[in-house]
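Summary of structural features
Residues per chain are reported as follows:
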Amino acid sequence: MTLFGPIINIDDDEDDHEIITAVCEKLGIRKYLKCFRDGEAALEFLRVSNEYPSVILCDVNMPKITGFELRKTINANNTLRERSVPFIFYSTAAEYREVQKAYRMTVQGFFLKGTTFEETERTLKVILDYWLLCKHPNSFVKNGTVAK
Amino acid sequence: MQKQGPIIVIEDDRDDQEILDEIFKKLNYPNKVIFFSDGYAALDYITQTNVQPFLILSDINMPKLDGFELRKKIHNNEELRVRCIPYLFFTSGADRKAVTDAYSMSAQGFFIKPGRMIDLENTIRKIIDYWLECYAPNQYN
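Residues numbered from 1 in each chain as written. Chains lettered and ligands numbered in written order. Predicted model: local features only at pLDDT ≥ 70, side-chain atom pairs only at ≥ 80, totals over all residues.

**Description of the overall build of chain B**
- Secondary structure assignment for chain B yields 6 helices and 5 strands.
- Along chain B, from the amino end to the carboxyl end, the secondary structure elements read β-α-β-α-β-α-α-β-α-β-α.
- Computed over its C-alpha atoms, the radius of gyration of chain B comes to 14 Å, within 12% of the 14 Å expected for a compact globule of 141 residues.
- With the principal axes as the frame, chain B shows a C-alpha extent of 35 × 30 × 25 Å. (Helix = DSSP H or I, 4+ residues; strand = E, 2+ residues; numbered from the N terminus. Rg over C-alpha atoms; globule rule 2.2 N^0.38 Å.)

Given below as structure tokens:
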């Protein structure tokens, strides 16, 4: 599997980082994975990095800033917003109110975290298969610059 | 999105409609597939019924009301916007501006129609797999 940019995973749970890292290792895409433990660190990366994410998987409930607050901050800045597609919530729960709130803020998906290695592998594959085919602003990036 | 709801395809090209129809028949999902040849016909159907689509695939270049204009009308209406998740563009070409504009109107995807049957089938399957697993507001109704 060849990706054009990093998979950004924002999650405060170390165990979840470990599972997703192991899954990426198995899929041969470990080098693309960038894990952040909170929204601020991810935001800093999105602001300064010249890499364009292939996909952003963001937890909802996190200390400091929540996934929703992070999404709101991204939405408020045009450059950040364009760079942050696809933005997908990746959470341990999918309550109606949270899902509704997520789509109001414009997201490209809301998935439940797998509880096992196998479930996580399956979910991650479904997400990557879709976004490798699907065009988004970052899919026009070649060699670190945006094609016109 | 209701997982059992219909798949709505908005496509003015009869040949493309037929090919898609064939593929959906082959893939044999339980969802009904409803085709519209222009944006107004689709909009009428969505507004005049309380249909809860599983997914909407919309072409962009169409006579009368094109895909972007249709999306704008849906996006500007809160009730329609929630009911029409996921809304995917499914078209024959793309530049970065069109794609960026699509996401700024909250599209959940932008796909280039593959030319070969096998690739088209593969694309449809990946789209369905994603939305079967993904949560969206309307499935709680």
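**Overview of the sheet that holds strand S5 (residues 109–112) of chain A**
All names here are of chain A.
- Taking strand neighbours across the sheet as the criterion, the 5 strands line up as S2-S1-S3-S4-S5 in an open arrangement whose pairing is parallel. Edge positions in the sheet fall to strand S2 (33–36) and S5, since each of these pairs with one other strand and no more. Pairwise comparison of adjacent strand axes, ignoring direction, gives a mean angle of 20 degrees for this sheet.
- By the bridge criterion, 3 bridges tie strand S3 (residues 55–58) to strand S4 (residues 87–91) in an arrangement that is parallel. The partner of Leu57 across the bridge, within S4, is Ile88. (Pairing = 2+ DSSP bridges. Axes fitted to C-alpha atoms, helices over the stretch in contact; angles between N-to-C directions.)

**A few points about the interface of chain A and chain B**
- Contacts between the two partners involve 26 residues from chain A and, on the opposite side, 23 residues from chain B.
- Secondary-structure elements contributing two or more residues to the side of chain A that touches chain B are helix H5 (96–104), S5 and helix H6 (117–133) of chain A.
- Partitioned by chemical class, the residues of the side of chain A that touches chain B number 16 nonpolar, 6 polar and 4 charged. (Contact = placed C-beta atoms within 7 Å. Nonpolar A, V, L, I, M, F, W, Y, C, P; charged D, E, K, R; others polar.)

**A word on the nonpolar core**
Residue and element names in this part refer to chain A.
- The biggest cluster of nonpolar side chains holds 70 residues, and the ones touching the most others in it are Cys58 and Ile88.
- When residues in this core are grouped by element, the largest group, 5 residues, is from H6.
- Apart from the residues lying within four places of it in its own chain, the contact partners of Cys58 are Ile10, Gly67, Leu70, Phe87, Ile88, Phe89 and Tyr90. (Core = buried A, V, L, I, M, F, W, Y, C linked by C-beta atoms within 7 Å. Buried ≥ 20, exposed ≤ 12 C-beta atoms within 10 Å, placed from the backbone.)

**Thoughts on the pairing of strand S3 (residues 55–58) of chain B**
Residue and element names in this part refer to chain B.
- Here S3 shows no split at all, with Leu55 and Leu57 on one side and Ile56 and Ser58 on the other all buried.
- Where strand S1 (residues 7–10) meets S3, 4 bridges bridge the pair, whose relative direction is parallel. Bridge assignment links Ile10 to a residue of S3, and that residue is Ser58.
- Direction of pairing for S3 relative to strand S4 (residues 87–91): parallel, over a ladder of 3 bridges. Across the sheet, Ile56 pairs through a bridge with Tyr87, a residue of S4.

**Side note on helix H3 (residues 67–75) of chain B**
Residue and element names in this part refer to chain B.
- Within H3, the full set of buried residues consists of Gly67, Phe68, Leu70, Arg71 and Ile74. For H3, the arc enclosing every buried residue in end-on projection is 160 degrees, short of the 170-degree limit, so these residues lie on one face.
- Tucked inside the fold, the buried residues of H3 contact helix H2 (39–48), S3, helix H4 (78–83), S4 and helix H5 (96–104). (Arc of directions from axis to C-beta.)

**Quick word on the sheet that holds S3 of chain B**
Residue and element names in this part refer to chain B.
- A sheet is described by the order of its strands in space; here 5 strands give the open sequence S2-S1-S3-S4-S5, paired in parallel fashion. Where the open sheet ends on each side, the last strands, each with one partner, are strand S2 (33–36) and strand S5 (109–112). Here the strands of the sheet are splayed against their neighbours by 20 degrees on average, with no regard to which way each runs.
- In this structure, S1 lies alongside S2, joined through 4 bridges in parallel fashion.

**Some remarks on the environment of Gly5 of chain B**
Residues and elements named next belong to chain B.
- As for its placement among the helices and strands, Gly5 is situated in the segment before S1.
- Judged by local crowding, Gly5 falls into the partly exposed class, with 17 C-beta atoms found within 10 Å.
- Residues Gly5 and Asp95 lie 90 residues apart in sequence; the distance between their C-alpha atoms is 31 Å.
- Every residue in contact with Gly5, bar those within four places of it in the chain, is listed here: Asn31, Val51, Gln52, Pro53 and Phe54.

**Observations concerning the packing of helix H1 (residues 14–27) of chain B against helix H6 (residues 117–133) of chain B**
All names here are of chain B.
- As a packed pair, H1 and H6 sit with axes 10 Å apart at the nearest point and diverge in direction by 60 degrees. Overall, the two elements H1 and H6 adopt an arrangement that is oblique. The way H1 lies across H6 gives a crossing that is right-handed. Residues Ile19, Ile23, Lys26 and Leu27 of H1 pack against Met117, Leu120, Glu121, Ile124 and Arg125 of H6.
- Grouping the constituent residues of the contact of H1 with H6 by class yields 6 nonpolar, no polar and 3 charged. (Parallel < 35°, antiparallel > 145°, perpendicular 65-115°, else oblique. Left-handed = near helix turned anticlockwise from the far one by under 90°.)

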